[in-house]
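# What the coordinates show
As a plain string of letters, each chain reads:
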Amino acid sequence: MKKLVILGGGTAGTIMATRLNDALDSGEWHITVVDQFETHYYQPGFLFIPFGIYSRSDVMKPKRDFIPSGVEVIFSPIEVIEPNENRVKLDNGTILNYDWLIIATGAKVVPGETEGLADQGWFKDIFDFYTIEGASALQRHLKFWEGGRLVINISEMPIKCPVAPLEFAFLADWWFTEQGIRDKVEIDFVTPLPGAFTRPRASSVLGDILQKKNVNLTPDFSIARVDNDRKKIIDWEEKEIDYDLLVTIPVNMGDAVIARSGMGDDLNFVPTDKQTLQSLKYENIFVIGDATNLPSSKAGSVAHFESDILFENFLAAVEDRPMRAAFDGHANCYIESGFGKGILIDFNYDTEPLPGKYPLPGIGPFSLLEETKMNHYGKVMFRWMYWHLLLRGVELPIESQMLMAGKRL
Amino acid sequence: MATEEIAGHSVEFDTEGFMVDHTLWNEDIAREIAQKEGIGELTERHFDVLKFMRQEFKEKGDGPSIRALKNRGGIPTRELYELFPGGPAKKAARIAGIKKPTGCV
């Protein structure tokens, strides 16, 4: 029996387990998925929890429901990966030998990386919304908040879903308007980037929307520390910004097991071939999703597009055929912009988000880089698609490679 | 692209002001770019940063992030901002004669 071990049962790991379980001969292959947590979270839904649009139950399901019955699942933290020995040691004492390994251990927020962030103000007037705990605590806090200075701060790039902080700003503008206290709230968007987003055209469109919604933009701010007593965030050049409520996007890092195994870069992301998705160091290891160091967005859509590429290349590699599928860095993100509207962006390594129609050129129904109601419905519908189609490895009517058709230069 | 006369050499820069060919770099070129970037006289400590950046670039094909400079280059972030105020990763990469690090957007 050949052994495939998949580390991580999140979006990427689950899709790969499902698709490879269908494709590989069960008489020849044993597939094992390892994850430390039994609950699968729909992470894009965390954004809606602070505003009471989604509840916890909307974003949680048991991981076991999505892993096919032919695949062994072990719930345990991983102690260490030993790539030179082709084995993984688990916290529960199990040693898993493998012929092939897929690393899908994701990324997580690490507030402890920033001085004073996870201190006495944590979950009192400082919150994140990238964890279920943070999003829920923020929801309880917002219910009673009477206004003041709301600062949304990105600590350091890269982060998961780079548009989510903007969506938070747009939704906050909408939500405080609904509560009748928008005039009592000042919203500041503070980012280490030179503008609202990473790429020029999207940055200018999204920057204009921030302005229209009366959200102040402070670019080029790299946070050094938080002064909990004086309620200030301070950057490396001693620039200070006051807050009454700080919504932080803490430093994002790969899982600590990657560091323990000596396999990561300075942020614990695994050096990965940006086209084949093979580990740069070990031929029998592939890496997918947020765990890679690829210069693409860290997002579920990216993991999903990567899964098409990894699926083909994995089947080629195990038969010693050349790997022909090449990932282009394709990402596709719905940006909720408040008041029942949304924006859609579609881009890859080389092409920045452009205006146009998606997925059908000239027709849509979605509009790229433009605020429409239809884009909002796309986002609402996507949660259903995620649980019922995407995680189950069902083919979606969208291409894993980005297409120029339908885009305006 | 633009070609400029720097320290007696004709040096090519990309549209964002990064040297196209890092092998042409020398310390005099670095001193002159530093003046243009508003950094002033380069000290030994500046050169520690520049040398680490060039070494990383040669080994990995990419300049180091601020985090890598701290973790592996032994340069505390606060000091790095003092040495190269106003966006140290980008400015130091320009002065070190290497391409724009992919971590900088």
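Residues numbered from 1 in each chain as written. Chains lettered and ligands numbered in written order. Predicted model: local features only at pLDDT ≥ 70, side-chain atom pairs only at ≥ 80, totals over all residues. Heavy atoms only, no water.

### Some thoughts on the sheet that holds strand S1 (residues 2-7) of chain A
Residues and elements named next belong to chain A.
- Taken in spatial order, the five strands of this open sheet run S5-S2-S1-S9-S20, and their pairing is parallel. The sheet is open, and its two borders are formed by strand S5 (72-75) and strand S20 (285-287), each paired with just one other strand. Ignoring strand direction, the axes of neighbouring strands in this sheet form an average angle of 20°.
- Bridge count between S1 and strand S9 (residues 100-103): four bridges; the pairing is parallel. Bridge pairing links Leu7 to Ile103 in S9.
- Its contacts with the sheet place helix H6 (residues 300-318) against S1, strand S2 (29-35), S9 and S20, and it is angled at close to 165° to S9. (Pairing = 2+ DSSP bridges. Helix = DSSP H or I, 4+ residues; strand = E, 2+ residues; numbered from the N terminus. Axes fitted to C-alpha atoms, helices over the stretch in contact; angles between N-to-C directions. Contact = heavy atoms within 4.5 Å.)

### Notes on the interface of chain A and chain B
- Contacts between the two partners involve 14 residues from chain A, matched on the other side by eleven residues from chain B.
- The three residues of chain A that bury the most area against chain B are Trp236, Glu237 and Asp266 of chain A, which together make up 58% of that side's buried surface.
- Seen at the junction of chain A and chain B, the total is four salt bridges.
- Glu238 of chain A is the salt-bridge partner of Arg78 of chain B, the closest N and O atoms lying 3.1 Å from each other.
- For the side of chain A that touches chain B, the residue count by class is six nonpolar, two polar and six charged. (Buried area = accessible area lost by both parts, 1.4 Å probe. Salt bridge = Lys/Arg side-chain N within 4 Å of Asp/Glu carboxyl O. Nonpolar A, V, L, I, M, F, W, Y, C, P; charged D, E, K, R; others polar.)

### Regarding the pattern of salt bridges
Residue and element names in this part refer to chain B.
- Counted under the stated rule, the structure contains 34 salt bridges over all chains.
- Among the salt bridges present, the one from Asp48 reaches Arg45, with a minimum N-O distance of 3.3 Å. Taken together, the residues Asp48 and Arg45, both in helix H2 (residues 44-60) and three residues apart, mark about one turn of the helix.
- Take Arg45: its relative accessible area is 29%, and that puts it in the partly exposed class. (Buried < 20%, exposed > 50% of the residue type's maximum accessible area, 1.4 Å probe, protein only.)

### Brief notes about the sheet that holds strand S13 (residues 185-190) of chain A
Residues and elements named next belong to chain A.
- On the basis of which strands lie adjacent, the open sheet formed by five strands has the order S11-S18-S12-S13-S14 and parallel pairing. Two strands close off the open sheet at either side, each with one partner strand: strand S11 (126-127) and strand S14 (215-218).
- Bridge count between strand S12 (residues 148-154) and S13: six bridges; the pairing is parallel. When the bridges of S13 are listed, Asn153 appears paired with Val190.

### Overview of the domain arrangement of chain A
All names here are of chain A.
- Per the domain assignment, the segments of chain A are domain 1 (2-109 + 253-318), domain 2 (111-252) and domain 3 (331-390).
- For domain 2 versus domain 3, the separation of C-alpha centres amounts to 24 Å.
- In this assembly, 17 residues from domain 2 lie in contact with 20 residues from domain 3.
- Summed over both partners, the interface of domain 2 with domain 3 buries about 1,500 Å², with 67% contributed by carbon and sulfur atoms.
- When the area that domain 2 buries against domain 3 is broken down by residue, the three leading residues are Glu167, Arg199 and Arg201, summing to 36%. (Domains from an automatic or database assignment.)

### Thoughts on the pairing of strand S24 (residues 364-368) of chain A
Residue and element names in this part refer to chain A.
- Among the five residues that make up S24, four are buried, leaving the element largely enclosed by the rest of the structure.
- Of the strand pairs in this sheet, strand S23 (residues 356-360) and S24 are connected by five bridges, and their pairing is antiparallel. Looking across to S24, one finds that Pro359 is bridged to Pro365.
- The loop that links S23 with its antiparallel partner S24 comprises three residues; one of these, Gly362, has a positive phi angle of about 80°.

### Quick notes on helix H3 (residues 164-178) of chain A
All names here are of chain A.
- Taking 1.5 Å per residue, 15 residues should reach 21 Å; H3 reaches 21 Å between its end C-alpha atoms and fits that length.
- Of all the 15 residues making up H3, 13 are buried; the element is thus mostly covered by neighbouring parts of the structure.
- A positive backbone phi angle near 75° is found at Gly180, which sits one or two residues after H3. (Expected span 1.5 Å × (residues − 1).)

### Thoughts on the packing of helix H1 (residues 11-23) of chain A against H6 of chain A
Residue and element names in this part refer to chain A.
- At a minimum axis separation of 10 Å, H1 and H6 run at an interaxial angle of 35°. Two packed elements cross with a definite hand, and for H1 against H6 that hand is right-handed. Contact residues: H1 offers Ala12, Ile15, Met16, Arg19, Leu20 and Ala23, while H6 offers Ala303, His304, Ser307, Asp308, Leu310, Phe311, Phe314 and Leu315.
- In terms of residue class, the contact of H1 with H6 is built from ten nonpolar, two polar and two charged. (Left-handed = near helix turned anticlockwise from the far one by under 90°.)

### Brief notes about the environment of Glu133 of chain A
Residues and elements named next belong to chain A.
- Counting through the fold element by element, Glu133 comes out in helix H2 (residues 132-144).
- Given the relative accessible area of 47%, Glu133 is considered partly exposed.
- For the pair Glu133 and Phe123, spaced ten residues apart in sequence, the C-alpha to C-alpha distance is 9.2 Å.

### Considerations on the packing of H2 of chain B against helix H5 (residues 88-95) of chain B
All names here are of chain B.
- Orientation of H2 relative to H5, taken along the N-to-C sense of each, is 80°, at an axis distance of 9 Å. On the basis of their axis angle, the class for H2 and H5 is roughly perpendicular. Judged by residue contacts, Val49, Leu50 and Met53 of H2 engage Ala89, Ala92, Ala93 and Ile95 from H5.
- Considered class by class, the residues forming the contact of H2 with H5 number seven nonpolar, no polar and no charged. (Parallel < 35°, antiparallel > 145°, perpendicular 65-115°, else oblique.)

### Structural notes on unusual backbone geometry
Residues and elements named next belong to chain A.
- Of note, the amide linkage connecting Met157 to Pro158 takes the cis form, showing an omega dihedral of 0°.
- Looking at where Pro158 falls in the secondary structure, it is placed in the loop between S12 and H3.
- With an omega dihedral of -5°, the bond running from Tyr358 to Pro359 counts as a cis peptide bond.
- Along the chain, the position of Pro359 falls in strand S23.
- Phi at Phe123 is positive, roughly 65°, even though this residue is not glycine.
- As for its placement among the helices and strands, Phe123 is situated in the loop between strand S10 (107-109) and S11.
- The exposure class of Phe123 is partly exposed, given its relative accessible area of 32%.
- One non-glycine residue, Leu277, lies in the positive phi region at around 75°.
- Here Leu277 shows up in the loop between helix H5 (256-260) and S20.

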